[in-house]
Amino acid sequence: MAPAPSRFPRRRVVVVAPLFAAACLAPGAIRAADPAAVEGAIARGARYLATEGQAADGSFSAGAGPAVTALVVAALARSGTPLDAPVLARGVDYLLSFRRDTGGIHTEESSIGNYETAIALLALAACNPDGRHDAVIAEARAFLEGLQWDESRSEEHTSELQS
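How each quantity is defined
- Residues numbered from 1 in each chain as written.
- Predicted model: local features only at pLDDT ≥ 70, side-chain atom pairs only at ≥ 80, totals over all residues.
- Heavy atoms only, no water.
- Helix = DSSP H or I, 4+ residues; strand = E, 2+ residues; numbered from the N terminus.
- Contact = heavy atoms within 4.5 Å.
- Areas by Shrake-Rupley, 256 points an atom, 1.4 Å probe, with all protein chains shown as cover.
- Expected span 1.5 Å × (residues − 1).
- Buried < 20%, exposed > 50% of the residue type's maximum accessible area, 1.4 Å probe, protein only.
- Phe/Tyr/Trp six-rings, centres within 6.5 Å; stacked < 30°, edge-to-face > 60°.
- Axes fitted to C-alpha atoms, helices over the stretch in contact; angles between N-to-C directions.
- Left-handed = near helix turned anticlockwise from the far one by under 90°.
- Salt bridge = Lys/Arg side-chain N within 4 Å of Asp/Glu carboxyl O.

(A) Inspection of the overall build of the protein at higher detail. The helix and strand tally for the protein stands at 7 helices and 0 strands. Along the protein, helices and strands appear, N-terminal first, in the series α-α-α-α-α-α-α. For the protein, the proportion of contacts with a sequence separation of at least 24, taken over those separated by at least 6, is 64%. When the accessible surface of the protein is summed, it comes to about 9,800 Å², and 56% of that surface belongs to carbon and sulfur atoms.

(B) Summary view of helix α3 (residues 66-78). For α3, which comprises 13 residues, the first-to-last C-alpha distance of 18 Å matches the rise-based estimate of 18 Å (1.5 Å per residue) to within 8%. Within α3, 10 of the 13 residues are buried, leaving the element largely enclosed by the surrounding structure. Inspection of α3 places P66, A67, T69, A70, V72, V73, A74, A75, L76 and A77 among the buried residues, and these make up the whole buried set. The positive-phi residue at the C-terminal boundary of α3 is G80, with phi of around 105°.

(C) Layout of the packing of aromatic side chains. Taken as a whole and judged by the stated rule, the model has 1 aromatic pair. Centroid distance Y94 to F98: 5.0 Å. Interplanar angle 70°. Geometry classified as edge-to-face.

(D) Up close: the side chain of T117. Among the secondary structure elements, T117 is positioned in helix α5 (residues 113-126). Apart from the residues lying within four places of it in its own chain, the contact partners of T117 are G104, I105, H106, A140, F143 and L144.

(E) The packing of α3 against helix α4 (residues 86-96), seen in detail. As a packed pair, α3 and α4 sit with axes 10 Å apart at the nearest point and diverge in direction by 145°. In this structure, the crossing between α3 and α4 has a hand that is left-handed. Along its contact with α3, which presents P66, T69, A70, V73, L76 and A77, the element α4 presents V87, L88, G91, V92, Y94 and L95.

(F) Broad picture of the pattern of salt bridges. Scanning the entire structure with this criterion turns up 3 salt bridges. In this structure, the salt-bridge partner of D130 is R132, at a minimum N-O distance of 2.7 Å. Assessed through its relative accessible area of 58%, R132 is described here as exposed. Note that E145 and R141 form a salt bridge whose closest N and O atoms lie 2.9 Å from each other. Separated by 4 residues within a single helix, E145 and R141 lie in helix α6 (residues 134-147), roughly one turn from each other. On the basis of relative accessibility, which here comes to 46%, the residue E145 falls in the partly exposed class.

(G) Structural view of unusual backbone geometry. In this structure, E109 takes a positive phi of about 60° despite not being glycine. Looking at the element boundaries, E109 is found in the loop between α4 and α5.

This is a description of form; function is not addressed.
Below, the structure written as structure tokens:
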């Protein structure tokens, strides 16, 4: 028997996911709303994303690479979804499928690998109370730190320009 068609198109995930993430990751930004209404909206958003929004591969918007899924995973983890929930496990597995030898977590040949890795790092940290992702987090952090410009690199660059 074929699964029943979803009453929500996949495009809706692209709209709902960032709004849900914003509400969960920056709750202080929502001051004028009734706290019970905000909590109810977050619960409804989490329920929708867990039941309707996730694809079989664990992504929430596979065409967008890992960043949208990372935002949703972080928001779900921070909104009270149990860290052992299948929706989080599938999301984390999806993110980990983007690991690179460099420590980055991004699509191949990505021009925004730093962004994708930083957002994936946010999600992994939110799902890491027991340290299970410590090694991956350390590798991703080293990748991001390696992209940073500091005084020592400035001197290298100055020397290269003067040669």
